[in-house]
Amino acid sequence: MSLDDTTVRKIAHLARINVAETDLAPLAKELSGILDWIEQLQEVDTSAVEPMTGGTDMTLNWRKDAVTDGGHPEKVLANAPESHEGFFGVPKVIE
Amino acid sequence: MSDLTKLSLSDARDGLDKGDFSAVELTQAHVQAMDSHRELNAFITEVPDLALERAKEADYNRSHGQAGALEGLPLGIKDLFCTEGILTTAASHILDGFTPPYESTVTANLKAAGAVTLGKTNLDEFAMGSSNESSYYGAAHNPWKKQGDPRNLVPGGSSGGSAAAVAAHMCLGATGTDTGGSIRQPASFCGIVGMKPTYGRCSRWGVVAFSSSLDQAGPMTRTVRDSAILLSIMAGHDPKDSTSADMPVPDFEAALSGDIKGLRIGLPAEYRPDNLNSDVAALWDKGIGWLKDAGAEVVDISLPHTKYALPTYYIVAPAEASANLARYDGVRFGLRVEGDSLDDMYAETRAVGFGAEVKRRILIGTYALSAGYYDAYYLKAQKVRQLIHQDFVTAFENVDAILTPTAPTPAFPIGENSDDLIAMYLNDVFTVPASLAGIPGISVPAGLSNEGLPLGLQLLTKRWDEETLFRVAGVLEHAAGFSGLPSDGEG
Amino acid sequence: MTFLIKGETETWEVVIGLEVHAQVVSDAKLFSGAPTDFGANPNSQVSFVDAGMPGMLPVINEICVEQAVRTGLGLKAQINNRSVFSRKNYFYADLPQGYQISQFDLPIVGEGTIILDMPDGVSREIGIERLHLEQDAGKSIHDLHPSKTFIDLNRSGVALMEIVSKPDMRSPDEAGAYLRKLRSILRYLGTCDGNMDEGSMRCDANVSVRPVGETELRTRCEVKNVNSVRFVMQAIEHEARRHVDVYESGGEISQETRQYDPNKGETRSMRSKEMAHDYRYTAGLAPEFTDPAPDDAASIWIGSDPNGARAFDGTVTIAVYDNQATFDPCSVHPDGTANGETVRDPACDNASIEVRWENPTKNTDGTPLTDLAETEVYFGTAAGVYESSVTLPADQTATRVDGLKIGSTYFVSAKAVNSQGIRSEWSNEVELTAAEAAVALGYKRAGPLRSFARRVTQWAILRPLWRRTVYRTG
């Protein structure tokens with residue numbers, strides 16, 4: 001499975017990671033190497049196998065419908081790179 | 001090294017109980033050890049003042065008959081655990097300045113038992129790595145060196161800082177996390193005991209997530225007994241983690257009976273490839289002999305899908321990571337690199353904030369989940385994972401525990417494997433299958449390579465059977481009689 | 001009642017499917033213990049889970065599951081015993097985790113039905129495709145700062161039911177009837193308050209057209225987030241006519257997301273194609289739905305599970321709402337339950353209520369209000385629960401509802417809407433008793449204005465709000 005620069009550019013955009021144009025080709029080569037190695041999974045017959053989606057087969061815990069949290073906006077905002085009047089701030093989104 | 005840092009965690013506990021020394025003295029000794037081993041870069045953040053303050057409280061509590069199970073025992077905390085009021089970095093630039101307003105359940109459990117936190121230990125960035133070289137804060141160093149070779153070695157990873165700190169007697173024990181071997185492999189490299197519990201045994205709440213279906217916290221210590229003591233406190237049901245097991249935590253220390261007569265120990269053929277490192281192979285054979293001598297029955301078994309475990313892992317873990325690491329976007333915490341638009345800000349922040357290996361894994365994961373490739377990669381990997389799990393289920397119908405090497409090689413020099421990604425990934429070849437299956441595993445230091453580097457042997461049991469795991473590990477530890485301190489550990 | 005668009009060359013049929021996002025009535029959020037109240041101070045109803053802080057894990061709120069099941073029963077739908085949550089990955093400032101926990105494969109509720117009683121006496125059966133649970137996003141506020149967007153995460157993580165119809169509707173009227181019926185069902189069951197103007201019920205309309213007689217579906221466009229029944233109907237009609245125009249002038253419709261502008265009476269494209277692709281909404285078997293994480297991907301079980309997983313203990317024994325009934329107060333059930341046939345109350349059709357009011361004159365900041373556009377008057381049979389509304393032009397200051405039951409009590413409140421579509425807070429609520437239509441109703445000024453304080457948030461002060469008075473009978 002060989003990735004070209006265009007595909008890497010697309011994935012990088014989906015993942016919101018800037019990749020310089022000059023880095024696309026070497027990155028494509030690295031990723032292709034990993035994917036080639038992963039390709040051996042296709043040898044395995046999994047036609048009758050249920051996917052394993054988690055690390056446990058135990059029943060998940062649920063929560064009661066009780067308000068047990070919130071009320072601490074200062075803690076929510078404490079680590080924010082930018083905040084204004086109780087809001088997080090980001091560059092203006094033009095819709 | 002002062003005498004107090006030579007103690008095991010259980011001996012230190014007993015010494016405190018008897019009043020042989022105070023928690024403050026014990027803590028001071030370890031703070032000094034941190035100072036004198038700073039070249040190992042084992043800690044990202046040290047909090048000696050907090051530690052001494054806590055130690056004073058511990059002495060007070062003990063004198064008032066209110067000592068917790070770990071009262072006054074100094075520990076290192078992998079910097080993947082969120083600690084309230086203490087910088088938490090995951091060894092990533094992108095978490096610059098992040099001071100959590102909350103405490104992870106595991107570290108809260110340790111605190112509640114009276115433990116003293118010395119600081120936050122180094123790791124591979126977001127726990128992605130097997131050598132600690134991907135840390136934004138620089139590689140941690142293994143306290144061990146090859147005989148006659150001055151080069152610094154990696155401590156393994158991702159819990160490399162914890163392993164180095166424990167091996168160099170900077171703390172009595174440390175927390176680690178294991179996603180594909182991140183506790184067991186560095187334990188093997190540094191000559192300590194590293195234990196990964198059953199998935200769901202320790203709460204993941206407050207542990208920076210890498211791969212949610214694999215991540216599991218566990219103890220890193222110098223003895224099996226210490227491992228059992230720490231796990232008893234770290235483990236337990238947490239309603240804030242829906243995958244945390246709602247079942248009682250056994251007294252693991254009590255499981256160390258020393259008696260394994262009649263237990264059946266499986267030896268998987270697939271873990272002995274033709275090119276297996278000869279020191280590793282020889283040590284494995286010794287280990288088999290020790291368990292036989294102790295009365296266990298040794299059985300050849302097959303785990304037929306073993307060779308697919310690593311490629312499966314390198315789809316499942318990056319896919320989960322690509323979603324788990326989407327929250328690092330410069331909006332609510334950590335690093336922000338300004339951009340003209342929101343998207344520019346995201347892409348710049350994440351380009352600058354993540355290191356090369358983290359980016360690679362996010363991109364692989366994004367690709368594996370993207371249009372047209374989901375079935376071929378992610379779904380396929382989940383199905384192969386099921387087969388790997390079934391291999392173990394079948395094996396444990398016939399055996400009580402499995403014995404394998406922990407890592408395919410001893411520690412290697414810093415920089416040696418950094419150009420060959422697949423070679424680096426192969427470090428986890430023996431540890432990843434158990435992670436995928438969610439079963440517990442432990443690495444016990446069992447001997448030295450011919451270059452004088454420590455090597456571990458790994459034991460595995462079925463889910464929730466940590467008691468058998470500790471029981472066999474105790475016997476293995478006793479038989480191996482591993483006592484080698486790191487070459488510079490006496491300094 | 002057939003709705004067809006006569007074009008230059010063809011007569012066109014409209015095909016409509018609706019996706020309704022209904023906020024689940026619950027005290028706490030879908031995966032955290034933070035409250036769900038509307039209108040609190042910014043970021044004050046946010047747990048670290050909702051803020052996507054490192055290491056935080058979701059744990060599902062059992063009531064939200066129960067409410068979804070209850071709604072499914074009300075829609076006569078299949079309840080899936082095993083249901084799976086997945087992550088839908090995309091980046092947006094008000095999506096803190098970088099993904100929405102939603103459901104793709106195995107939603108909680110499968111296929112069901114809503115029966116519409118159209119005014120012409122015809123019943124129409126509209127299929128329900130699925131109902132699933134998902135997290136709401138936070139709120140982006142663009143108008144408080146010249147170069148910044150502000151983010152409030154109070155909504156982040158609130159439970160939504162996404163209720164997807166089959167493309168079974170053929171006219172704006174049917175779409176309107178569907179929404180009103182669905183809203184009635186949700187309110188009856190107590191699973192969603194159905195207030196479209198507060199955003200607790202939002203509608204996306206999928207619209208396509210085809211020449212009468214053609215059987216294949218043509219490309220559809222999705223008109224997003226329309227916030228009143230009337231606007232949904234208008235938006236559908238505008239969008240359908242746009243499709244007809246495009247086809248008849250030889251063009252093609254491309255699948256996209258559009259926004260309805262009620263002032264201009266048109267829909268416009270919301271995102272470029274490239275952006276739409278960013279959101280990864282394109283693929284059929286959407287691979288952006290990953291189910292990697294046990295936290296949110298793991299199965300939940302409802303009902304008896306052969307593997308012994310948690311049984312939903314069967315206590316969801318609610319009265320199954322027969323959705324042939326309506327909330328017309330004149331419909332009564334002879335056996336006193338919501339089941340069974342309904343009959344028309346003979347006392348109906350003889351009474352009416354009439355409401356008059358004065359238009360507001362000032363914005364909340366004290367500046368004169370110059371662009372009042374409409375008044376929305378809401379009616380209900382219980383305090384604070386409004387089952388129907390009328391929207392009236394600004395120059396109309398009274399309205400009358402006929403055909404009511406003598407002696408029944410109705411609750412009325414109103415909102416003013418300015419030309420930007422921004423609504424005022426609720427007016428005070430008046431309680432009216434329907435009287436014989438012939439009786440002349442007098443009016444007097446109501447008491448003091450209902451306090452706005454609870455809803456006036458820090459940011460809201462910066463936004464225009466209107467005060468209004470409502471006169472009540474007496």
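Cut-off values and rules
- Residues numbered from 1 in each chain as written.
- Chains lettered and ligands numbered in written order.
- Predicted model: local features only at pLDDT ≥ 70, side-chain atom pairs only at ≥ 80, totals over all residues.
- Heavy atoms only, no water.
- Helix = DSSP H or I, 4+ residues; strand = E, 2+ residues; numbered from the N terminus.
- Buried < 20%, exposed > 50% of the residue type's maximum accessible area, 1.4 Å probe, protein only.
- Contact = heavy atoms within 4.5 Å.
- Areas by Shrake-Rupley, 256 points an atom, 1.4 Å probe, with all protein chains shown as cover.
- Phe/Tyr/Trp six-rings, centres within 6.5 Å; stacked < 30°, edge-to-face > 60°.
- Lys NZ or Arg CZ within 6 Å of the ring centre and 35° of its normal.
- Polar contact = N/O pair within 3.5 Å; in protein donor to acceptor, adjacent residues only side chain to side chain.
- Pairing = 2+ DSSP bridges.
- Axes fitted to C-alpha atoms, helices over the stretch in contact; angles between N-to-C directions.
- Buried area = accessible area lost by both parts, 1.4 Å probe.
- Salt bridge = Lys/Arg side-chain N within 4 Å of Asp/Glu carboxyl O.
- Parallel < 35°, antiparallel > 145°, perpendicular 65-115°, else oblique.
- Nonpolar A, V, L, I, M, F, W, Y, C, P; charged D, E, K, R; others polar.
- pLDDT = per-residue confidence, 0-100.

A few points about the overall build of chain C
In terms of helices and strands, chain C carries five helices and 27 strands. Going through the 474 residues of chain C one by one, you find that 58% of them count as buried. Across chain C, every contact between residues at least 6 apart in sequence was considered, and the portion connecting residues at least 24 apart equals 69%. When the accessible surface of chain C is summed, it comes to about 18,800 Å², and 49% of that surface belongs to carbon and sulfur atoms.

Some thoughts on the packing of aromatic side chains
All names here are of chain B. For the structure shown, the criterion picks out 25 aromatic pairs over all chains. An aromatic cluster of at least three residues, connected via ring pairs, comprises Phe98, Phe126, Tyr328, Phe333 and Phe354. Above the face of the tryptophan 205 ring, lysine 240 is positioned so that its terminal group lies 3.8 Å from the ring centre.

Focus: the side chain of glutamate 19 of chain C
Looking at the secondary structure, you find glutamate 19 of chain C in strand E2 (residues 11-23). A distance of 3.3 Å separates the side chain of glutamate 19 of chain C from the side chain of asparagine 206 of chain C, its partner in a polar contact.

Some words on the sheet that holds strand E6 (residues 216-221) of chain B
Residue and element names in this part refer to chain B. Read from one edge of the open sheet, 11 strands run E1-E3-E2-E4-E6-E5-E10-E11-E9-E7-E8, paired in mixed fashion. Taken across any chain shown, the strands that pair with only one partner, and hence form the sheet edges, are strand E1 (43-46) and strand E8 (297-301). Within this sheet the neighbouring strands show an average axis-to-axis angle of 30 degrees, counted without direction. For strand E4 (residues 173-178) and E6, the ladder comprises six bridges, and the chain directions are antiparallel. Note that in E6 the partner of threonine 177 across the bridge is alanine 217.

With respect to the interface of chain C and chain A
With 55 residues of chain C in contact, the opposing surface of chain A contributes 38 residues. The junction of chain C with chain A conceals about 4,100 Å² of combined surface from both sides, 59% of it contributed by carbon and sulfur atoms. Broken down residue by residue, the surface that chain C buries against chain A is led by Asn43, Phe91 and Phe150 of chain C, which jointly contribute 12%. Put simply, chain C and chain A have two salt bridges between them.

Structural notes on the sheet that holds strand E8 (residues 139-141) of chain C
In a beta sheet, neighbouring strands pair by backbone hydrogen bonds and run either parallel or antiparallel. Across the sheet, which stays open at both edges, the four strands sit in the order E1(A)-E2(A)-E9(C)-E8(C) with antiparallel pairing between neighbours. If you trace the sheet from one side to the other, it starts and ends with strand E1 (83-84) of chain A together with E8 of chain C, each paired once. Direction of pairing for E1 of chain A relative to strand E2 (residues 87-91) of chain A: antiparallel, over a ladder of two bridges. Counted as the bridge partner of serine 83 of chain A is phenylalanine 88 of chain A from E2 of chain A.

A short note on unusual backbone geometry
Most peptide bonds take the trans configuration, and most residues that are not glycine carry a negative phi. All names here are of chain B. Cis rather than trans, the peptide bond between glycine 157 and serine 158 has omega equal to 10 degrees. Topologically, serine 158 is positioned in the loop between strand E3 (116-121) and helix H6 (160-167). One non-glycine residue, alanine 90, lies in the positive phi region at around 55 degrees. Take alanine 90: it is sitting in the loop between strand E2 (74-78) and helix H5 (105-112). Positive phi, normally seen in glycine, also occurs at alanine 127, with a value near 65 degrees. Along the polypeptide, alanine 127 turns up in the loop between E3 and H6.

Observations regarding the pairing of E4 of chain B
Residues and elements named next belong to chain B. Among the six residues in E4, six count as buried, and that is most of the element. Side chains Gly173, Thr175 and Thr177 project from E4 onto one buried face, and the interleaved Ala174, Gly176 and Asp178 project onto a second face that is buried too. The sheet contact formed by E2 and E4 spans two bridges and is parallel. Within the sheet, the bridge partner assigned to leucine 75 lies in E4 and is glycine 173.

Here's the deal with the packing of helix H1 (residues 5-14) of chain A against helix H12 (residues 356-369) of chain B
Close contact between H1 of chain A and H12 of chain B brings their axes to 9 Å; oriented N to C, the two are set at 100 degrees. As the angle between them shows, H1 of chain A and H12 of chain B are arranged roughly perpendicular. Residues Thr7, Ile11, Ala12 and Leu14 of chain A of H1 of chain A pack against Leu363, Thr366 and Tyr367 of chain B of H12 of chain B. Its residues assigned to classes, the contact of H1 of chain A with H12 of chain B comprises five nonpolar, two polar and no charged.

Topic: the packing of helix H10 (residues 309-324) of chain B against H12 of chain B
What describes two packed helices is the angle between their axes and the distance between those same axes. Residues and elements named next belong to chain B. At a minimum axis separation of 7 Å, H10 and H12 run at an interaxial angle of 95 degrees. By the angle class used here, H10 and H12 are roughly perpendicular. Along the contact surface, H10 presents Tyr313, Tyr314, Ile315, Pro318, Ala319 and Ser322, while H12 presents Arg361, Ile362, Ile364, Gly365, Thr366, Ala368 and Leu369.

Brief notes about the environment of lysine 240 of chain B
Within the element layout of this structure, lysine 240 of chain B appears in the loop between helix H8 (224-234) and strand E7 (264-268). Expressed as a C-alpha distance, the spacing of lysine 240 of chain B and serine 203 of chain B, which sit 37 residues apart in the sequence, is 8.0 Å. The contact partners of lysine 240 of chain B, leaving out residues within four places of it in the chain, are Thr105 and Trp205 of chain B together with Leu57 and Val59 of chain C.

Here we look at the pattern of salt bridges
Any two side chains of opposite charge can pair, so long as their charged atoms come close to each other. Evaluation of the coordinates by the stated rule reveals 48 salt bridges over all chains. Here glutamate 46 of chain B makes a salt bridge to arginine 38 of chain B, at a shortest N to O gap of 2.8 Å. When its relative accessible area of 25% is taken as the criterion, glutamate 46 of chain B is described as partly exposed. Among the ionic pairs, arginine 360 of chain B bridges to glutamate 357 of chain B, the shortest N-O distance being 2.8 Å. In this pair, arginine 360 of chain B and glutamate 357 of chain B both sit in helix H12, three residues apart, roughly one turn of the helix. Look at the salt bridges and you will find they share partners, linking Glu30 of chain A together with Glu357, Arg360 and Arg361 of chain B into a network.

Considerations on the interface of chain B and chain A
Listed as interface residues are 70 residues of chain B and, on the opposing side, 50 residues of chain A. Summed over both partners, the interface of chain B with chain A buries about 5,200 Å², with 66% contributed by carbon and sulfur atoms. On the chain B side of the contact with chain A, Leu363, Tyr367 and Lys380 of chain B bury the most area, a combined 13% of that side's loss. If you look at where chain B meets chain A, you find four salt bridges. Across the salt bridge formed by aspartate 343 of chain B and arginine 16 of chain A, the nearest N and O atoms sit 2.8 Å from each other. Applying the counting rule to chain B against chain A returns 16 residue pairs in polar contact (both at pLDDT 80 or more). Listed by contribution, the elements that provide at least two residues to the side of chain B that touches chain A are H10, helix H11 (342-353), H12, helix H13 (374-395), helix H14 (421-425) and helix H15 (432-437) of chain B. Element by element, the count of residues in the side of chain B that touches chain A is highest for H13 of chain B, at 12 residues. In terms of residue class, the side of chain B that touches chain A is built from 35 nonpolar, 18 polar and 17 charged.

Some words on the confidence of the model for chain C
Do not read the predicted coordinates in detail wherever pLDDT is low. Residue and element names in this part refer to chain C. Across chain C, pLDDT averages 72, with 70% of residues at or above 70. Ranking the elements of chain C by mean pLDDT puts strand E26 (residues 443-444) last, at 24, and strand E10 (residues 159-165) first, at 97. Below a pLDDT of 50 lies the segment residues 272-349, which in the model reaches 205 contacts outside its immediate sequence neighbourhood of four places, other chains included.

Brief notes about the pairing of strand E20 (residues 372-380) of chain C
Residues and elements named next belong to chain C. Burial runs high along E20: eight of the nine residues are buried. Here E20 runs beside strand E21 (residues 388-393); their pairing, made up of six bridges, is antiparallel. By the bridge assignment, phenylalanine 379 is partnered in E21 with serine 388.

Observations regarding the environment of aspartate 4 of chain A
All names here are of chain A. Here aspartate 4 shows up in the segment before H1. Classification of aspartate 4 by relative accessible area gives partly exposed; the value is 42%. With 24 residues separating them along the chain, aspartate 4 and alanine 28 place their C-alpha atoms 6.0 Å apart.

A short note on H6 of chain B
Residue and element names in this part refer to chain B. For H6, the buried fraction is high: eight of the eight residues fall into the buried class. Listed in full, the buried residues belonging to H6 are Gly160, Gly161, Ser162, Ala163, Ala164, Ala165, Val166 and Ala167. Tucked into the core, H6 has its buried residues touching E1, E2, E3, E4, helix H7 (184-190) and E6. Within two residues after H6, histidine 169 carries a phi angle of roughly 60 degrees, on the positive side.

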